[in-house]
Amino acid sequence: MSRLVASVAALSLAACGAPPAEPEAPARPTEPASAPATPDASGTPVSAANKLTAQGYGPLRIGMTLAEIEAAMGPDANPDAVGGPEPERCDMFRPARAPEGLLVMVVDGALASVWVSRNAAVETDRALNVGDTAAEVKRVYAAAAEVMPHKYAEAPSEYVTVWSTADHQSPAARGLKYEIGPDGRVQSIAGGGPSIQYVEGCA
């Protein structure tokens, strides 16, 4: 009984002179989060503007000098590594600010091609990535896709090359080559000049 009386008394005091409770401020609308950049295999964000094409990757353009490559994406991230048997003629390395798994091939002092492997976050201008199926690559390019047997592995390993120029051999030639692994999926992509046809690094 005493508990009921106490409760009634408390309600009476609230009704007689007690200031009303401050209304809670309405919740502020939440700002929509901006879409994060796609991470590469190492967790480093990769800009959606950077696509691997027959002309290069992001700021890297086929034909750039070594000095221009370094200005665009930094020097060799691993200068002690051997990028080719004759590095003064042909060298391959990852610029310091390039995504993991992306290498540049420099032939006679100029950027000849850009190669990507082990990084599904770097995509081509046709939205194809390392890990996509050979069937998808062929579907996207249709009759433009040239299919060649793999030099070292049996089918389904193969090379699917798409040229954006009729000439495939001169310095002006440009194309993309998809190397298909034994699982029928893309294991590396090369974009650039005739050097995309190399199958052993600089050879």
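Please refer to the structure placed before this passage.
Attention here is on the structure that accompanies the text. (Residues numbered from 1 in each chain as written. Predicted model: local features only at pLDDT ≥ 70, side-chain atom pairs only at ≥ 80, totals over all residues. Heavy atoms only, no water.)

**Points about unusual backbone geometry**
Stage number 1. Cis rather than trans, the peptide bond between Ala155 and Pro156 has omega equal to 15 degrees.
Stage number 2. Residue placement: Pro156 occurs in the loop between strand 9 (146-149) and strand 10 (158-163).
Stage number 3. With phi around 60 degrees, Ala127 is a residue other than glycine that occupies positive phi space.
Stage number 4. Within the element layout of this structure, Ala127 appears in the loop between strand 8 (110-117) and helix 3 (134-141).
Stage number 5. The exposure class of Ala127 is partly exposed, given its relative accessible area of 45%.
Stage number 6. Here the phi dihedral of Ala142 falls at roughly 50 degrees; this positive angle occurs in a residue that is not glycine.
Stage number 7. Relative to the elements of secondary structure, Ala142 occurs in the loop between helix 3 and strand 9. (Helix = DSSP H or I, 4+ residues; strand = E, 2+ residues; numbered from the N terminus. Buried < 20%, exposed > 50% of the residue type's maximum accessible area, 1.4 Å probe, protein only.)

**A closer look at the sheet that holds strand 4 (residues 56-57)**
Stage number 1. With antiparallel pairing, 3 strands are arranged side by side in an open sheet as 3-4-5. At either end of the open sheet lies a strand with only one pairing partner, and these are strand 3 (52-53) and strand 5 (60-61). (Pairing = 2+ DSSP bridges.)

**Let's talk about the environment of Ala112**
Stage number 1. Assignment of secondary structure puts Ala112 in strand 8.
Stage number 2. The sequence separation of Ala112 and Arg61 amounts to 51 residues, and the corresponding C-alpha distance is 9.0 Å.

**Thoughts on the sheet that holds strand 11 (residues 175-180)**
Stage number 1. Across the sheet, 7 strands lie side by side as 6-7-8-12-11-10-9; this open sheet has antiparallel pairing. Strands at the two margins of the open sheet, each flanked by one partner only, are strand 6 (90-93) and strand 9. In this sheet, adjacent strand axes meet at a mean angle of 20 degrees when their direction is disregarded.
Stage number 2. Two strands pair when backbone bridges link them, and strand 11 and strand 12 (residues 186-192) are joined in this way by 6 bridges, in the antiparallel orientation. Note that in strand 12 the partner of Gly175 across the bridge is Gly192.
Stage number 3. Helix-sheet contacts for helix 3 involve strand 9, strand 10, strand 11 and strand 12, and the interaxial angle to strand 10 is about 20 degrees. (Axes fitted to C-alpha atoms, helices over the stretch in contact; angles between N-to-C directions. Contact = heavy atoms within 4.5 Å.)

**Some thoughts on the state of the cysteines**
The bond known as a disulfide is covalent and runs between the sulfur atoms of two cysteines.
Stage number 1. Scanning the entire structure with this criterion turns up 1 disulfide.
Stage number 2. The partner cysteine of Cys90 in its disulfide is Cys202, sulfur to sulfur 2.1 Å. Taking the torsion about the sulfur-sulfur bond, which here is approximately -80 degrees, the covalent link between Cys90 and Cys202 counts as left-handed. In this pair, Cys90 sits in strand 6 while Cys202 sits in the segment after strand 12, placing the two residues 112 residues apart along the sequence.
Stage number 3. Assessed through its relative accessible area of 1%, Cys90 is described here as buried. (Disulfide = S-S within 2.5 Å.)

**Things to note about the environment of Arg89**
Stage number 1. Residue position: Arg89 is located in the loop between helix 2 (66-73) and strand 6.
Stage number 2. Linking Arg89 and Val107, residues 18 residues apart in sequence, is a C-alpha distance of 5.7 Å.

**Some remarks on the packing of aromatic side chains**
Given two aromatic rings, one states the distance between the centres and the angle between the planes to describe the pair.
Stage number 1. Enumeration over the complete set of coordinates arrives at 1 aromatic pair.
Stage number 2. Plain terms: the ring middles of Tyr141 and Tyr178 are 5.8 Å apart, the flat faces sit at 55 degrees to each other, and that makes the pair tilted. Of this pair, Tyr141 sits in helix 3 while Tyr178 sits in strand 11, and the two are 37 residues apart along the sequence. For the pair Tyr141 and Tyr178, one class covers both residues: buried. (Phe/Tyr/Trp six-rings, centres within 6.5 Å; stacked < 30°, edge-to-face > 60°.)

**Observations concerning the nonpolar core**
Stage number 1. Formed by 29 residues in total, the largest nonpolar core has its most connected members in Leu52, Leu60, Leu111, Tyr141, Tyr178 and Ile189.
Stage number 2. Of all the secondary structure elements, the ones that give two or more residues to this core are helix 2, strand 7 (102-107), strand 8, helix 3, strand 10, strand 11 and strand 12.
Stage number 3. Here Leu111 is in contact with Leu60, Arg61, Ile62, Gly63, Met64, Ile69, Val104, Met105 and Val106, once residues within four sequence places are set aside.
Stage number 4. Membership of the second largest hydrophobic core comes to 11 residues, among which are Met105, Trp163, Ala190 and Cys202. (Core = buried A, V, L, I, M, F, W, Y, C linked by side-chain atoms within 4.5 Å.)

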